[in-house]
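Next come the chains, spelled out residue by residue.
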Amino acid sequence: MNTPLSPGALQGVKVLDLSRILGGPFCGQILGDHGADVLKVEPPQGDDTRTWGPPFKDGVASYYFGLNRNKRIQFLDLSAPAGQQRVRELMAEADVVLENFKVGTMEKWGIGYEQMREELPHLVWCRVTGFGADGPLGSLPGYDAAIQAMAGIMSINGEAGGDPLRVGLPVVDMVTGLNATIGVLLALHERGRSGQGQLVDASLYDSGLSLLHPHAANWFMGRKVPQRSGNAHPNIYPYDVVSTGGAPIFLAVGNDRQFRLLCGHVGQEALAQDERFATAGQRSVHRAELKALLLQAFAGLDGVKLADELMAIGVPAAPVLDVQQALEHPHTAHREMVVRMGEYQGVGAPVKLGRTPASYRFAPLSEGTDFLPDSGV
């Protein structure tokens, strides 16, 4: 559904989005959803993700549509003097610059952070990189799947005893975009006191490492290298997908009270009294025996009905839905998590502000060459 237009928490903030692919554009879309005026500059051939399909609409891939609403776009060749001059003019008007060029590229063009900060000290400059600008891996290009491999994420994702697996969505890129957004907001807040901009350094490598909870915490304390455990949680049980007589369900039983409720609901009260399962720590140690007993107890039950019943009594559980089912769920509509603007559809803003909610003003591919007047849209 269309959300009524709101001034947005970031009304009046001007963002020059020079980024491509995912992390930077995702940050720009979040800022735009919350009212910032976002101008995106793409190279003459367009952002690479325009070709990342199928599916395509008018020659532009769905991947691009998912990251570039609430922006207006123009094409400039930043390797040419005319493009560099135009970007300088836009930087002078902007509050925020987003870029994810390989370190040294913008400097070669004479429009890098160090070259511009004395001329434009107010700018909050957000640089998204693979590994940061220096250090053993500094300035190397970074890609989501490669960082998943290097940051240990693949090593703990997959079936126990199976091969390492990439998480089935670009989690590192997306979290880097979120971290970039957080950094931009922190820097804008501090600028309100000092009047000075600063560099926001958001790297895929740092973001990948930051995702390792609780595996990093477990390693720091126990010095045991975490292993793959399939859908099961390394510290908690039952926190796993469990088969039923119908659809499988996910159980997320986090404490002893919830476990007692679960056992009572399925007529297995004795399990909650068994010393192997009576406490969270013991359930985790004896998870294999517990899972076998739960499979027996659930074998004659309908999974969707069981999950609904468990949730109703305070036991976290959920049916395993596919993407279509999730996007078409009634609660998805209730939470306004599907956006429609004309023929465009996308996932809505997850941050809900009571007085200045997100709004959806520009569908992807909207054109624009200048920032809007200060009065807004």
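The name an unreviewed UniProt entry gives the protein is CaiB/BaiF CoA transferase family protein, with Comamonas terrae as the organism.

A. Local environment of the overall build of the protein. On a plain count of helices and strands, the protein comes out with 16 helices and 13 strands. Expressed along its principal axes, the backbone C-alpha trace of the protein runs to roughly 75 × 50 × 45 Å. Put simply, the protein has 377 residues, and 44% of those count as buried. In the protein, the share of contacts with a sequence separation of at least 24, taken over all contacts with a separation of at least 6, comes to 66%. With the model as given, the accessible surface of the protein reaches about 19,000 Å², and the carbon-plus-sulfur share is 57%. In the protein, which carries 32 positive and 40 negative side-chain charges, the distance between the mean positions of the two groups comes to 3 Å.

B. Fine view of the sheet that holds strand 9 (residues 239-242). Pairing is antiparallel across the open sheet formed by 3 strands, whose spatial order is 9-10-11. In this open sheet, the two edge strands, each paired with only one partner strand, are strand 9 and strand 11 (317-319). Going from strand to strand, the sheet's axes swing by 15° on average, the running direction of each strand aside. Strand direction decides the pairing type here: strand 9 and strand 10 (residues 249-252), joined by 4 bridges, are antiparallel. Bridged to Tyr 239 within strand 10 is Ala 252. Packed onto the sheet, helix 13 (residues 287-298) meets strand 9 and strand 10 and runs at close to 45° relative to strand 9.

C. Quick peek at helix 13. When the terminal C-alpha atoms of helix 13 are compared, their 16 Å separation across 12 residues agrees well with the 16 Å that a helix rising 1.5 Å per residue should span. Listed as buried for helix 13 are Arg 287, Leu 290, Leu 294, Ala 297 and Phe 298. For helix 13, the buried positions fall inside an angular range of 85° around the axis, keeping them on one side. Within helix 13, the exposed residues directed more than 90 degrees away from the buried face are Ala 288 and Gln 296.

Criteria and cut-off values
Residues numbered from 1 in each chain as written. Predicted model: local features only at pLDDT ≥ 70, side-chain atom pairs only at ≥ 80, totals over all residues. Heavy atoms only, no water. Helix = DSSP H or I, 4+ residues; strand = E, 2+ residues; numbered from the N terminus. Buried < 20%, exposed > 50% of the residue type's maximum accessible area, 1.4 Å probe, protein only. Contact = heavy atoms within 4.5 Å. Areas by Shrake-Rupley, 256 points an atom, 1.4 Å probe, with all protein chains shown as cover. Lys, Arg positive; Asp, Glu negative; His and termini not counted. Charge placed at Lys NZ, Arg CZ, Asp CG, Glu CD. Pairing = 2+ DSSP bridges. Axes fitted to C-alpha atoms, helices over the stretch in contact; angles between N-to-C directions. Expected span 1.5 Å × (residues − 1). Arc of directions from axis to C-beta.

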